[in-house]
Amino acid sequence: STIPKIVILGAGYGGILTAQRLQKELNYNEADVTLVNRHDYHYFTTHLHMPAAGTDSIEHTRVPISKLIDEFKIDLVKSTVREVRLSDRKVILEDGTLSYDYLVIALGGEPETFGIPGMEEHAFTIRSINSVRMIRQHIEYQFALYKTDESRKDRLNFVVGGAGFSGIEFVAELADRIPRLCRENDVEPSKVHIYNIEAAPSALPGFDPELVEHAMNVLEKKGVNFKLGTAIQECRPDGVVLDTGETIKTATVVWTGGIRGNRIIEASGFETVRGRVKVDETLRAPGMENVFIIGDNSLMFNPEGRPYPPTAQIAMQQGVVCAKNIVAAIRGGASRPFEFVNKGTVASLGKGEAIAVVGDKKMTGWKAVQLKKLVDLRYLFIIGGIPLVLKKGRFL
Ligand code: FAD
Ligand code: NAD
């Protein structure tokens, strides 16, 4: 047929928004849309720190993709993408190939380990439902082992590498979980140590200093030990080596030291910076009229020339513009430039605490916690309306 084929790779924040907007804006038989994702569910990457620590369930963190799209209008292909073959407009899957006229790459990022020896082999990462399931069970197992295995007394040391937003949000949840794990496993709470190690001189480098201090105070009260201005140099099966020469013995290292673009992008021949493609203002890969890259795999600069951080907020906004620009291309209309509207930043600090910046307003405590809930509910509403809000929303 002559109907254009649109293939979307990845059903995360960027991919779902693109698919939903295409579904809404395209007329019957105007295009064939295929959405490819490794799993048949969409997960809330922004919530993964909770099931990782065991303070929320996996079921609260994901939703079947079939509940988010109309499968009469969009073909859902559950498969893993291996490579994009730009020269013949094909996507190579683990179990087949797809050809496209328009391609949207929204595969999300990958942990960046900066080549730190042992990090890839021995550390956990907060990356997907499958990866956080491992973290949760591993932590629980360390508590269970502590009572029976006298050989290692360091099992209750937990090391988190990197105090960016992911690291901070995770240590907060972990600290909240510890009292309960101690009770269930008859462990004296003073035996447990959480270390958050950060190479930069401050936690949350670049964020508002007053709010950073608030966050540190809250987390230190919850029992987190910070080591700032200290880089992890090596990760071993029995602990981490720091650039101070010190080692911390542990059976649990969670690496939140940064993310990079998906390796599939560079393997497919795109020019990348830390795995991300510098896209033009219409979200197209350089020189490619029919390939769009959004979310954590795209690199864009703000008017001051600084790169936007990879966030769900920007991925969602890009998804909307990407869909519009594909529809415009099919209809022979003009593309719209992407302009980021910063709605603010909110980070959870576990039960009862959070920090937020919205415009020039700073918030902490109850207000910031409510705002975080609102942001989460808003997302559920955008992608799934009231039914999803009722099903997956957390109101308390
Ligand atoms: P993703 O949402 O990661 O989606 C990628 C999708 O592609 C996934 O469904 C994945 O399964 C699929 N996929 C990957 N590889 C393949 C493959 N080879 N084949 C098929 N499918 C594949 N940002 C905010 O704005 N606010 C927050 O509060 C916030 N909190 C965060 C908390 C944590 C703990 C973390 C880790 C991140 C947080 N972020 C937050 C960042 C945000 O989650 C990411 O920027 C966002 O998820 C990027 O969206 P994306 O669409 O690019 O990719
Ligand atoms: P990040 O890159 O923001 O932070 C990684 C941290 O690890 C940095 O502070 C870095 O200095 C540190 N680090 C790097 N190497 C180290 C080493 N060898 N030893 C010790 N520390 C080291 O990564 P992230 O926290 O995963 O965040 C990724 C993206 O997701 C960011 O854009 C962030 O804004 C976004 N995010 C947002 C939220 C939120 O808004 N609530 C939550 C999580 C993530």
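Criteria and cut-off values
- Residues numbered from 1 in each chain as written.
- Chains lettered and ligands numbered in written order.
- Predicted model: local features only at pLDDT ≥ 70, side-chain atom pairs only at ≥ 80, totals over all residues.
- Near = placed C-beta within 6 Å.
- Helix = DSSP H or I, 4+ residues; strand = E, 2+ residues; numbered from the N terminus.
- Nonpolar A, V, L, I, M, F, W, Y, C, P; charged D, E, K, R; others polar.
- Domains from an automatic or database assignment.
- Expected span 1.5 Å × (residues − 1).
- Pairing = 2+ DSSP bridges.
- Axes fitted to C-alpha atoms, helices over the stretch in contact; angles between N-to-C directions.

J.: I'd love a proper account of the site of ligand 1, names of residues and values included.
T.: Within the structure, ligand 1 sits among 32 residues, and Gly-10, Gly-12, Gly-108, Gly-295 and Thr-311 are positioned closest to it. Elements that contribute at least two residues to the shell around ligand 1 include exactly helix H1 (13-25), strand E2 (32-37), helix H5 (165-185) and helix H8 (312-331). Class assignment for the residues of the shell around ligand 1 results in twelve nonpolar, 17 polar and three charged. When residues are assigned to domains, the shell around ligand 1 turns out to be shared by domain 1 (5-38 + 79-111 + 259-342) and domain 2 (113-257 + 344-396), each giving three or more.

J.: Requested: an account of the site of ligand 2, with residues and values cited.
T.: In the vicinity of ligand 2, 26 residues are found, and the nearest of them are Gly-162, Gly-164, Phe-165, Ser-166 and Pro-309. When contributions to the shell around ligand 2 are tallied by element, the ones reaching two or more residues are H5 and strand E23 (345-348). At four residues, the largest contribution of residues to the shell around ligand 2 is made by H5. For the shell around ligand 2, the per-class residue count stands at 14 nonpolar, ten polar and two charged. Both domains that meet at the shell around ligand 2, namely domain 1 (5-38 + 79-111 + 259-342) and domain 2 (113-257 + 344-396), each give it at least three residues.

J.: An account of H8 is requested, with residue identities and associated values reported.
T.: A rise of 1.5 Å per residue sets the reference length of H8, with its 20 residues, at 28 Å; its end C-alpha atoms lie 29 Å apart and thus fit the reference within 8%. One or two steps after H8, the chain reaches Gly-332, where phi turns positive at roughly 80°.

J.: Please give an account of the sheet that holds E2 that cites residues and values.
T.: Backbone-to-backbone hydrogen bonds pair the strands of a sheet. The strands run either parallel or antiparallel. If you trace the five strands from one edge of the open sheet to the other, you get E5-E2-E1-E9-E21, paired in parallel fashion. One side of each edge strand has no neighbouring strand; the edge strands of this open sheet are strand E5 (74-78) and strand E21 (291-293). Strand after strand, the sheet turns through a mean of 15° between neighbouring axes, direction not considered. Two elements, E2 and E5, share five bridges in a ladder whose sense is parallel. Its bridge partner being in E5, Leu-35 is matched across the sheet by Leu-76.

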